Each structure stands twice: as structure tokens, then as C-alpha cells.
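# Chain and residue survey
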Amino acid sequence: MREFFMKTLKTLAFAAIALFGVSTGANAAEVFLATDDFVGISFWLISMGMLAATAFFFMEQANVSTQWRKSVNVAGLVTGIAFIHYMYMRAVWVETGETPTVYRYIDWLITVPLQLVEFYLILAAVRKVPTGIFWRILIGSIVMLVGGYAGEAGFINAMLGFIIGMAGWIYILYEIFSGEAGKSMAKSGNKSLVTAFSALRMIVTVGWAIYPLGYVFGYLTGGIDDNSLNVIYNLADFVNKIAFGLIIWSCAVANSGKSRA
Ligand SMILES: *C/C=C(C)/C=C/C=C(C)/C=C/C1=C(C)CCCC1(C)C
């Protein structure tokens, strides 16, 4: 009964995603992608990567043990939400040649906290952890995004926005390296958790560093460079949303002690 229910649910979810994809794609088709629009091509590739990753994570959640299911589902939510925003960002870029700042930041505002929840979830899957960890990194990420948005939208000076954004990010790094989250992980004594947590930390350090680079090349090197900005942000999203999810998934599989279908 449960099996049947899950299968039906999955089928419905895919049908919804596919229908949404087709309808949004059709709306965006008034102006077509130009052969030499490489930024547009990157928007296109990444939107499809997000769709594939979403289908993959939602299917795979059935193959991991219950305490890991939530983490793998959250990975699917992150790429799914990004997929929908990419459909819009792609249309803005292809049709107007403008940077889709507002859709980009709405996406980040939802997906960044969801990714940070993952840190908490993978810890909580293995041991009891205080929820304060989660709230502190959430506040850090909001400061980071509000600073970046205000700078990109021109509400404040681009350099000031950058500095506020960097401060938020550095605070998150402090929490996951030296704060309670890092300590909690070190105490767990669970090998695959330590591996996953360290890998996630590398993503937040090295993978996330691609974003401020995009900001620097986009806004701080004289004038606004929309091409560099969007290509770098697109690449960063591809690495940070899909690779991030795959790390969680592989940790979940390794910890599930269930043969893989
Ligand atoms: C899925 C989306 C993710 C993981 C987005 C992450 C975004 C950042 C890490 C952005 C960082 C920024 C700075 C560190 C300073 C300049 C402004 C930002 C917002 C680009």
C-alpha cells in the first residue's frame, strides 16, 4: 500500500514538473536563443541540469533509510526550486539581454537556507544537535544575500553591498568550521558523516567562493559586465546545487546499509 502510494506520488510529481517545464518553455519561445549567445546557452544547460537532478534526487530518496530521506528530499527541493527560477531567468536573458537579478536573489533566498538546513539535517540524522546552529547560519545567510541584493540592485554602493555580503559569508564559515556545528560533527565519531560534513564544508568554502568572484567581475572591475556576472553565477549554481545534493545523496546511500536498486 505504502509502496503504491509513493509510486503514485512520484509519478504525479514528475508529471507536474514536466508540464510546468513545457508550459514555461512555450511562453519563453517568442524570442529564440541565438547561436552565439553563450550566456543564454549556459542558462539553458543549467536549467536542464537542474531538472535532471531534481528527478534523480526524488527517485533516489526511496533507496535510502528513513532518517536520510529528508536530506535527499531537501536536495531535490533545492534543484527543483532552482529549475523553476532558471526557466524565468533564461527567458529574461534571452528575450531582453538583461541580468535577471530579482529572480536570482529570490531563488537564493529560498535555496541557500535550504542548503544550510542540510548541515543541520545530516548532523541530526546521526546525533542530537542544538537547533541554535541552524538559526545562526540562517541569519548569516540572510545578511549575505541582503547585502548582495542591495548592491546589485543599486540601492547601495556596489562595494558596500559586497562588504556586507562577505561579512555574512565569513560568519557562516566561522560557524561551520569553529562554531558549534563543527564541534558537534567532530564529536560524532561517525566516519561517513565526517566525510560528508567535510565535503559540504568544502562546497561552502570553495564552491561558494565562485559567487563573490562573479560579483567582483560583474560590478567591481569598472562598469557592469553582465556576461561575466551571469556565466559565473550559472556555473556556481551548477556546482553548488547539484554537487552539493550528490554529496548528501552519496552519504545517505553509504549510511543506509541497504542494497542499491
Ligand atoms: C544555490 C545558491 C547558492 C548556494 C548561492 C550562494 C550565494 C552566495 C554564496 C553569495 C555570496 C555573495 C558574497 C559572499 C559577497 C557578494 C555578494 C554575494 C551575495 C554574491
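Moving on to the overall build of the protein. Within the protein, the secondary structure is distributed over 10 helices and 0 strands. Listed N to C, the secondary structure of the protein is α-α-α-α-α-α-α-α-α-α in terms of helices and strands. Expressed as a percentage of its 261 residues, the buried residues of the protein come to 49%. Counting every atom, the protein has about 12400 Å² of accessible surface; 71% of that belongs to carbon and sulfur.

So, about empty space enclosed by the protein. The final tally for this structure, using the stated rule, is 1 cavity of 30 Å³ or more. As a volume, the largest cavity reaches approximately 310 Å³. Secondary structure elements with two or more residues in the lining of the largest cavity: helix 4 (101–124), helix 5 (132–152), helix 6 (158–177), helix 9 (210–219) and helix 10 (226–256). Counted by class, the lining of the largest cavity contains 13 nonpolar, 6 polar and 1 charged residues.

In the neighbourhood of the ligand, 18 residues make up the surrounding shell, with Trp-108, Gln-115, Met-144, Tyr-211 and Lys-241 lying closest. Notes on the ligand: free accessible area 530 Å², of which the protein chains cover 100%. Its atoms largely coinciding with the cavity grid, the ligand occupies the largest cavity. Among the elements of the structure, helix 4, helix 5, helix 6, helix 9 and helix 10 are those that each provide at least two residues to the shell around the ligand. The element that contributes the greatest number of residues to the shell around the ligand is helix 4, accounting for 5 residues. Grouping the constituent residues of the shell around the ligand by class yields 12 nonpolar, 4 polar and 2 charged.

Under the criterion given, the structure shown has 4 salt bridges. Among the salt bridges present, the one from Arg-104 reaches Asp-237, with a minimum N-O distance of 3.5 Å. With Arg-104 in helix 4 and Asp-237 in helix 10, this pair connects stretches of sequence that are 133 residues apart. The class of Arg-104 is buried, set by a relative accessible area of 2%. For Asp-237, a relative accessible area of 0% puts it in the buried group. Between Asp-237 and Lys-241 there is a salt bridge, with its nearest N and O atoms 3.2 Å apart. Of the two residues, Asp-237 and Lys-241 both sit in helix 10, 4 residues apart, roughly one turn of that helix. Ionic contacts of the salt-bridge type, sharing partners, join the residues Arg-104, Asp-107, Asp-237 and Lys-241 into one network.

A few words now on the packing of helix 4 against helix 5. Two numbers describe how helix 4 lies on helix 5: the axes approach to 10 Å, and their chain directions differ by 165°. Classified by the angle between their axes, helix 4 and helix 5 sit roughly antiparallel to one another. In this structure, helix 4 crosses over helix 5, and the sense of that crossing is right-handed. Note on element contacts: helix 5 touches helix 4 through Ile-133, Phe-134, Ile-137, Leu-138, Ser-141, Met-144, Leu-145, Gly-148, Tyr-149 and Glu-152, opposite Thr-101, Val-102, Tyr-105, Trp-108, Leu-109, Val-112, Pro-113, Leu-116, Val-117, Tyr-120 and Leu-123. Partitioning the contact of helix 4 with helix 5 into residue classes produces 17 nonpolar, 3 polar and 1 charged.

What counts and what doesn't
- Residues numbered from 1 in each chain as written.
- Predicted model: local features only at pLDDT ≥ 70, side-chain atom pairs only at ≥ 80, totals over all residues.
- Heavy atoms only, no water.
- Helix = DSSP H or I, 4+ residues; strand = E, 2+ residues; numbered from the N terminus.
- Buried < 20%, exposed > 50% of the residue type's maximum accessible area, 1.4 Å probe, protein only.
- Areas by Shrake-Rupley, 256 points an atom, 1.4 Å probe, with all protein chains shown as cover.
- 1 Å grid on protein atoms, 1.4 Å probe; cavity = no way out; pocket = protein on both sides within 12 Å on 5 of 7 lines; lining within 4 Å.
- Points joined across faces, edges and corners; volume = space filled by probe spheres on them.
- Nonpolar A, V, L, I, M, F, W, Y, C, P; charged D, E, K, R; others polar.
- Near = heavy atom within 4 Å.
- Sits in = over half its atoms within 2 Å of the grid points.
- Salt bridge = Lys/Arg side-chain N within 4 Å of Asp/Glu carboxyl O.
- Axes fitted to C-alpha atoms, helices over the stretch in contact; angles between N-to-C directions.
- Parallel < 35°, antiparallel > 145°, perpendicular 65-115°, else oblique.
- Left-handed = near helix turned anticlockwise from the far one by under 90°.
- Contact = heavy atoms within 4.5 Å.

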